Amino acid sequence: MTLESNANISAREHAAREIDRIGHMLVTRWDRSLAAHLLSLVSNLERYIQGEDAAQLLPECVALRDLLQLWLLQNDTVPGETERYGALRHHLGIVSQLAMMEGRQLLPEHFSGGLMQQGPHLVYLWMPPSEEASNLSEQLSCYGFMVQTMYQASKLAQALQEATPAAVVAYTDFTAGDPIMALADTIRGLCPLLFCSSRYDFEARLLAVRAGAAGFLAWPLLAHELIDNLSFGDLGEKRDPLRVMIVEDMASLAGLYANVLNSHGVDALQVTDPARVLDGIVQFRPDLILMDMYMPECNGMELAQIIRQQRLLDGIPILFLSVEKRQSIQLDTLTLGIDGFLTKPVAPEELVVTVINRARRYRKLRSYMINDSLTGLLNHSHLYAQLEYEVLRAKRDQRALSLVMLDLDHFKTINDTYGHPAGDEVLVNLARFLKERLRRSDLISRYGGEEFAIVLPGTRQEDALRIMNAMRQAFSQIEQRSNQQTFHQTFSVGISSLATAEDTTQLVQQADDMLYQAKRLGRNRVEGYSPEHVPLSRRETEA
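These figures come from a predicted structure and were not determined experimentally.

Rules and cut-offs
Residues numbered from 1 in each chain as written. Predicted model: local features only at pLDDT ≥ 70, side-chain atom pairs only at ≥ 80, totals over all residues. Heavy atoms only, no water. Buried < 20%, exposed > 50% of the residue type's maximum accessible area, 1.4 Å probe, protein only. Helix = DSSP H or I, 4+ residues; strand = E, 2+ residues; numbered from the N terminus. Pairing = 2+ DSSP bridges. Polar contact = N/O pair within 3.5 Å; in protein donor to acceptor, adjacent residues only side chain to side chain. Axes fitted to C-alpha atoms, helices over the stretch in contact; angles between N-to-C directions. Parallel < 35°, antiparallel > 145°, perpendicular 65-115°, else oblique. Contact = heavy atoms within 4.5 Å. Nonpolar A, V, L, I, M, F, W, Y, C, P; charged D, E, K, R; others polar. Core = buried A, V, L, I, M, F, W, Y, C linked by side-chain atoms within 4.5 Å. Expected span 1.5 Å × (residues − 1). Salt bridge = Lys/Arg side-chain N within 4 Å of Asp/Glu carboxyl O. Left-handed = near helix turned anticlockwise from the far one by under 90°. Phe/Tyr/Trp six-rings, centres within 6.5 Å; stacked < 30°, edge-to-face > 60°.

Some remarks on the pairing of strand 12 (residues 443-448)
Most of strand 12 sits inside the fold, with five of its six residues counted as buried. Where strand 12 meets strand 13 (residues 451-457), five bridges bridge the pair, whose relative direction is antiparallel. Each bridged residue has a counterpart across the sheet, and for Ile444 the counterpart in strand 13 is Ile454. Here strand 12 folds back onto strand 13 in antiparallel fashion, the turn holding two residues, of which Gly449 has a positive phi close to 60 degrees.

What about the side chain of Gln480?
Note on placement: Gln480 falls in strand 14 (residues 480-482). Exposure remark for Gln480: the relative accessible area of 1% places this residue in the buried category. Polar side-chain contacts of Gln480 include one of 2.8 Å to the side chain of Asn429.

Section: the environment of Ala204
By the element assignment, Ala204 lies in helix 8 (residues 202-210). Spatially, the C-alpha atom of Ala204 lies 9.6 Å from that of Phe216, the residues being 12 residues apart in sequence.

Some points on the packing of helix 6 (residues 153-162) against helix 7 (residues 179-188)
Following both chains from N to C, one finds helix 6 and helix 7 inclined at 10 degrees, their axes separated by 10 Å at the closest point. When the interaxial angle is binned, helix 6 and helix 7 end up roughly parallel. Contacts between helix 6 and helix 7 involve Ala153, Leu156, Ala157 and Leu160 from the first element and Pro179, Ile180, Leu183 and Ile187 from the second. Looking at the contact of helix 6 with helix 7 residue by residue, the class counts come to eight nonpolar, no polar and no charged.

Some points on the nonpolar core
Within the largest apolar cluster, 54 residues are counted, with the highest numbers of intra-cluster contacts made by Leu38, Leu88, Ile246, Leu290, Leu351 and Val355. For this core, the leading source of residues is helix 4 (residues 81-101), giving eight residues. Contact partners of Leu88, with chain neighbours within four places excluded, come to Leu26, Val27, Leu38, Leu64, Leu67, Leu68, Trp71 and Glu83. In terms of nonpolar packing, the next biggest core, distinct from the first, is built from 28 residues, Leu406, Leu408, Met468 and Phe487 among them.

What about the sheet that holds strand 12?
One open sheet holds the five strands; their spatial order is 12-13-11-16-17, and the pairing between them is mixed. Two strands bound the open sheet, and with one partner strand each, they are strand 12 and strand 17 (526-528). Shown here is a sheet whose adjacent strand axes are inclined to one another by a mean of 20 degrees, direction ignored. In the packing of helix 16 (residues 380-397) onto the sheet, the strands contacted are strand 11 (401-408), strand 12 and strand 13, and the crossing angle to strand 12 comes to about 135 degrees.

Concerning helix 20 (residues 504-520)
With 17 residues, helix 20 extends 24 Å between its outermost C-alpha atoms, agreeing within 8% with the 24 Å of an ideal straight helix rising 1.5 Å per residue. Across the 17 residues that make up helix 20, a large majority, 13, are buried. Its side-chain oxygen placed 3.3 Å from the backbone nitrogen of Thr505, Asp503 serves as the N-cap of helix 20. At the C-terminal side of helix 20, Gly522 shows a positive phi close to 120 degrees.

Section: the sheet that holds strand 7 (residues 267-271)
Read from one edge of the open sheet, five strands run 7-6-8-9-10, paired in parallel fashion. Bordering the open sheet on either side are strand 7 and strand 10 (340-343), each of which pairs with just one other strand. Within this sheet the neighbouring strands show an average axis-to-axis angle of 20 degrees, counted without direction. By the bridge criterion, five bridges tie strand 6 (residues 243-247) to strand 7 in an arrangement that is parallel. Across the sheet, residue Met245 finds its bridge partner in strand 7, namely Leu269.

Regarding unusual backbone geometry
Look at the link from Trp219 to Pro220: it is a cis peptide, with omega at 5 degrees. The residue Pro220 is located in the loop between strand 5 (215-218) and helix 9 (223-231) in this model. With a phi close to 60 degrees, Phe174 is a non-glycine residue in the positive phi region. One can find Phe174 in the loop between strand 3 (167-171) and helix 7. According to the relative accessible area criterion, Phe174 is buried, its value standing at 10%. A positive phi angle, near 55 degrees, is found at Gln398, a position not held by glycine. Secondary-structure assignment places Gln398 in the loop between helix 16 and strand 11.

Quick word on the environment of Leu217
Tracing the backbone through its elements, the reader meets Leu217 in strand 5. Separated by 47 residues in sequence, Leu217 and Ala170 place their C-alpha atoms 9.7 Å apart. Contacts of Leu217, omitting those with residues within four sequence positions, involve Leu194, Phe195, Cys196, Ser197, Glu225, Leu226 and Asn229.

Points about the pattern of salt bridges
This model, assessed by the stated rule, comprises 20 salt bridges. When the shortest N-O distance is used, the salt bridge between Lys519 and Asp407 registers 3.4 Å. With a gap of 112 residues between them, Lys519 in helix 20 and Asp407 in strand 11 connect regions that are remote in the sequence. A single burial state applies to Lys519 and to Asp407, both of which are buried. What emerges from the salt-bridge pattern is a single network uniting Arg460, Glu462, Asp463 and Arg466.

Observations regarding the packing of helix 12 (residues 277-284) against helix 13 (residues 300-308)
Running from amino to carboxyl end, helix 12 crosses helix 13 at an angle of 50 degrees, the nearest separation of the two axes being 11 Å. Judged by the angle between their axes, helix 12 and helix 13 are oblique. The interaxial crossing formed by helix 12 with helix 13 has right-handed handedness. Of helix 13, the residues touching helix 12 (which contributes Val277, Leu278 and Ile281) are Leu303, Ile306 and Ile307.

Some remarks on the packing of aromatic side chains
Scanning the entire structure with this criterion turns up nine aromatic pairs. Ring geometry for Trp30 and Trp71: centres 5.8 Å apart, planes at 85 degrees, overall edge-to-face. Of the two residues, Trp30 is situated in the loop between helix 1 (3-28) and helix 2 (32-46) and Trp71 in helix 3 (residues 54-73); the sequence distance between them amounts to 41 residues. The two residues Trp30 and Trp71 agree in class, both being buried. An aromatic cluster of three or more residues is present, and its members are Phe174, Phe195 and Phe216.

Structural data, given as structure tokens:
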């Protein structure tokens, strides 16, 4: 960006803040001299509007200028409080916010959360030349990762120029002259850098932090520990971005907020019709709702109360975006369960930092409330609530939906042979595997014990059979570990769909019947429901 364009943006931001300041005074108390001053500020702002910005900002400036000129020409008429709090505040909010945001979508690097990697999850692995990585690569491939192993600094540097991975995992003993340290700055500018080392002392961990490492792993490197680092926390967020729903009746403003958040790795959904918000929340599953306080037909306070009436939606943080500066009004909204205010015009930096930090906090707290503590998947009760809604939505939209019931084979034998910690590790490995291989829109839950349930919206039973068969085969190839021993684990699957089930209860019963059919027929297989099926009792199956 040139110095001239930087100066232009700075002047425009100053004009936007002054318009907001004087405009707020005029909204609160009508004064002709203030109105004339505001009119001159708007006219001055128009001088700084250039290029693509003119398409949205210029018409809004003209609308505000016309409104002020109309009121100033009416010598015998004073615009009432309703007009000022309605039309004037509306135009002020749009003009000041557009002037503040346009041309500033890309922020300084230290505010950036990083964009989500598209396509396969590529990982570069830097290892000592004496180590063989084929087994580790094979294990990671079962979770949907593609691994490229490097043994030379020049090869790693070249690979980074050709493709940006999800992460670089590098072995180091932290000795002077280690070539990975020379590449650390370059790597961190592109993707997360994880160190693995045979050293566990404080000095090694401190050196890793100073080199900008996003994680520190023990050596020899175990696949499940690496998966944990790639799937959760900050690294997981890069692959599963924070989700923010923007509720704003002005599409131009919603687009500006979305562009700023998108550029920092946040997945933003724009909703301009309040009537579509509830469906959007359940489908999109936002980590935060950014909502305009003043909208026609249904204002933000009314919409917030509607959201808070829904038990499963009650905890989602709601931030109001508003030109409202009256403390009494802001305090009143906090009693409705609103989590905070961003006062228009909001600077891009403030928007990004506030939204991302609150969304991260909510995602972490939500995982404690609705997820199984061992596997991190949905717990039984929350799955049922989500399933009820998905069934109703699929019926309304006449879309397919399949339900998968999955059970680990001979799980008691695993606990008896290798111990309960090994059994827990198998459960965690299966949870990781399911999350990696299924879509974000699929609902995955630990149904109880070693049994899991999966809801596949928009998926026919025949497609679900094909998907689960491929996953069953892949999971059976993963090495499970217990101390120095390794073993393989399989699972059985029963599937039902709305093609044969009338309601949620019947859907669950049919899938459950087919799970026990799969176990009766020898386990390590997938069975789909058909109307000709004669259900078996669990006691009959176990016999």
